[in-house]
Amino acid sequence: MTGTKLPEGRVPLQPLFDGLRQHLKKTTVESLAVHRTPQRVRAVADTVNEAFESAVTGLKTPAPPEKPLACKKGCDHCCHLTVMTDAATVLRIADYVRETFGRAERTLLDMRMIVYEDKAEKLTQSQRSMARLPCPLLVDGACTAHPVRPLVCRSFNSYDAEACKKQIHGGGSTREIPSWNVPWLLGLALDSGVKEALVESGYADGDIELGLGLKAALDHPNSSERWLAGDRIFARAAWKARKP
Ligand code: SF4
């Protein structure tokens, strides 16, 4: 999602998150230097998601949310924000779709991706970030790729669903949504770590718009091999600079 929310106030956990970011970057670069295979790319995405979930679970006791979170299945306001992620995550989601979606489910996803692409390509990046296009993976208020969803989707949280509705659908700012800052900071750190690692490993497209990137990945049966070989399959989905 764009318009990254930054927490307010002193954040004593930041050094820990910076360390995790550096560690993830280093191990990802080293891993890809040894083996550039689809399996290794898949492992990059799985590792970062597992690291996020493990760290959030571990931090619930020392740095708990101030009150219960409002997030629950069926509440999908945040799935109308532009989702920005990395190539490894897009390829991982594409694998998940190929492996788990039935024919009808895949056909419907293909149709939603075509609608998304059609609308998105008529808009500049900044217009898209305010257009509130529903994510193509969203069905009946739920994520159809929940086990492999991007870091930004895992990070987004809120104490107040009405505030989400008002800010997201009312053209406001996600900065005004009260939330638990631990997942936010952690997600930002790990997201940066994996993107920096991919760029350092020679893959230029750091920031990828999920709605366009997933279609590009699924349009090619061997998308991971092509991406690893340097084919810029995500060129149209890449946001090199967060500018129109
Ligand atoms: S990937 Fe899933 S959680 Fe993320 S915006 Fe799309 S539907 Fe929502």
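What counts and how
Every chain begins its residue count from 1, and numbering advances along the sequence as written. In keeping with the predicted nature of the model, local features appear solely for residues at pLDDT of at least 70, side-chain atom pairs appear and are counted solely at 80 or more, and the whole-chain, interface and lining totals rest on all residues. Derived side-chain values reflect all non-hydrogen atoms in the structure, with water molecules and hydrogen atoms excluded from consideration. Each helix is a run of DSSP H or I of at least 4 residues and each strand a run of E of at least 2, with the numbering of both proceeding from the N terminus. Per-residue accessibility, obtained with a 1.4 Å probe over protein chains only, is compared with the maximum for each type, and a residue is labelled buried under 20%, exposed over 50%, and partly exposed between these values. Throughout, a residue-residue contact means that at least one pair of heavy atoms, one from each residue, lies within 4.5 Å. Values of accessible area rely on a 1.4 Å probe in the Shrake-Rupley scheme; residue burial ignores everything except the protein chains shown. We treat Lys and Arg as the positive residues and Asp and Glu as the negative residues; His and chain ends play no part in the count. Every charge is mapped onto a representative atom, which is NZ of Lys, CZ of Arg, CG of Asp or CD of Glu. Put simply, a salt bridge is a Lys or Arg side-chain nitrogen that is within 4 Å of an Asp or Glu carboxyl oxygen. Side-chain atoms within 4.5 Å are what join buried Ala, Val, Leu, Ile, Met, Phe, Trp, Tyr and Cys residues into a set we call a nonpolar core. Given a helix with a known number of residues, its expected span is that number minus one, times 1.5 Å. Directions pointing from the helix axis toward each C-beta atom define the arc. Pairing of aromatic side chains requires ring centres within 6.5 Å, counting the rings of Phe and Tyr and the six-membered ring of Trp. Pairs whose planes differ by under 30 degrees are stacked, by over 60 edge-to-face, and all others tilted.

Visitor: Even after reading the chapter, I still don't get the overall build of the protein, so can you show me in this structure?
Guide: Scanning the protein from terminus to terminus reveals ten helices and four strands. For the protein, the N- to C-terminal ordering of α and β elements is α-α-β-α-α-α-β-β-α-α-α-β-α-α. Within the protein, the proportion of its 244 residues that are buried is 48%. Here the contacts in the protein between residues at least 6 apart in sequence split such that 82% fall between residues at least 24 apart. With the model as given, the accessible surface of the protein reaches about 11,900 Å², and the carbon-plus-sulfur share is 54%. Charged side chains of the protein number 34 positive and 29 negative; the gap between the two group centres comes to 2 Å.

Visitor: Please explain the pattern of salt bridges as it appears in this structure.
Guide: Pairs can form between side chains of opposite charge once their charged atoms are near each other. As enumerated under the stated definition, the model contains 20 salt bridges in all. With its nearest N and O atoms 2.8 Å apart, the salt bridge here joins Arg42 to Glu99. Of the two residues, Arg42 sits in helix α2 (residues 38–59) while Glu99 sits in helix α3 (residues 87–100), which places them 57 residues apart along the sequence. Classification of Arg42 as partly exposed rests on a relative accessible area of 25%. Note that Glu121 and Arg236 form a salt bridge whose closest N and O atoms lie 2.3 Å from each other. In this pair, Glu121 sits in the loop between α4 (103–120) and α5 (125–131) while Arg236 sits in the segment after α10 (223–228), placing the two residues 115 residues apart along the sequence. Using a relative accessible area of 57% as the deciding quantity, one classes Arg236 as exposed. Each of Glu117, Glu121, Lys215, Asp219 and Arg236 takes part in a single network of salt bridges with overlapping partners.

Visitor: I'm lost on the nonpolar core in this one. Help?
Guide: Across soluble globular proteins, nonpolar side chains show a tendency to be buried alongside one another. The biggest cluster of nonpolar side chains holds 64 residues, and the ones touching the most others in it are Ile93, Leu137, Phe156, Leu210, Leu214, Trp227 and Phe234. Once you skip the residues sitting within four places of it in the chain, Phe234 turns out to touch Ala87, Val90, Leu91, Asp205, Ile208, Gly213, Ala216, Ala217 and Trp227.

Visitor: Sorry if this is basic, but what is going on with α2 here?
Guide: Because each turn of an α-helix spans 3.6 residues, side chains separated by three or four positions end up pointing in the same direction. Its 22 residues place the ends of α2 32 Å apart at the C-alpha level, agreeing with the 32 Å of an ideal helix rising 1.5 Å per residue. Along α2, the positions that sit buried rather than exposed are Val41, Val44, Ala45, Val48, Asn49, Phe52, Ala55, Val56 and Leu59. All buried residues of α2 fall inside an arc of 135° around its axis, so they share one side. Opposite the buried face of α2, at more than 90 degrees from it, the exposed residues are Gln39, Glu50, Ser54 and Thr57. Along its buried surface, α2 packs onto α1 (14–34), α3, α6 (151–155), α8 (181–200) and α10.

Visitor: Quick question: what am I supposed to make of the packing of aromatic side chains here?
Guide: If you walk through the whole model with that rule in mind, you get two aromatic pairs. Note on Phe156 and Trp184: the rings are 5.5 Å apart at their centroids and 65° apart in plane angle, and the pair reads as edge-to-face. Residue Phe156 is found in the loop between α6 and α7 (161–169), and its partner Trp184 is found in helix α8; the two are separated by 28 residues along the sequence. Relative accessible area serves as the criterion here: at 7%, Phe156 is assigned to the buried category. We classify Trp184 as buried; its relative accessible area is 5%. A ring pair is formed by Tyr203 and Trp227, whose centres lie 4.0 Å apart and whose planes are at 25°; its orientation type is stacked. Residue Tyr203 is found in the loop between α8 and β4 (208–209), and its partner Trp227 is found in helix α10; the two are separated by 24 residues along the sequence. Each member of the pair, Tyr203 as well as Trp227, carries the same accessibility label: buried.

Visitor: Looking at this structure, I do not really get unusual backbone geometry. What am I missing?
Guide: Located in the positive-phi region is Arg132, a residue other than glycine, with phi close to 55°. Examined against the element boundaries, Arg132 turns out to sit in the loop between α5 and β2 (138–139). Take Arg132: its relative accessible area is 13%, and that puts it in the buried class.

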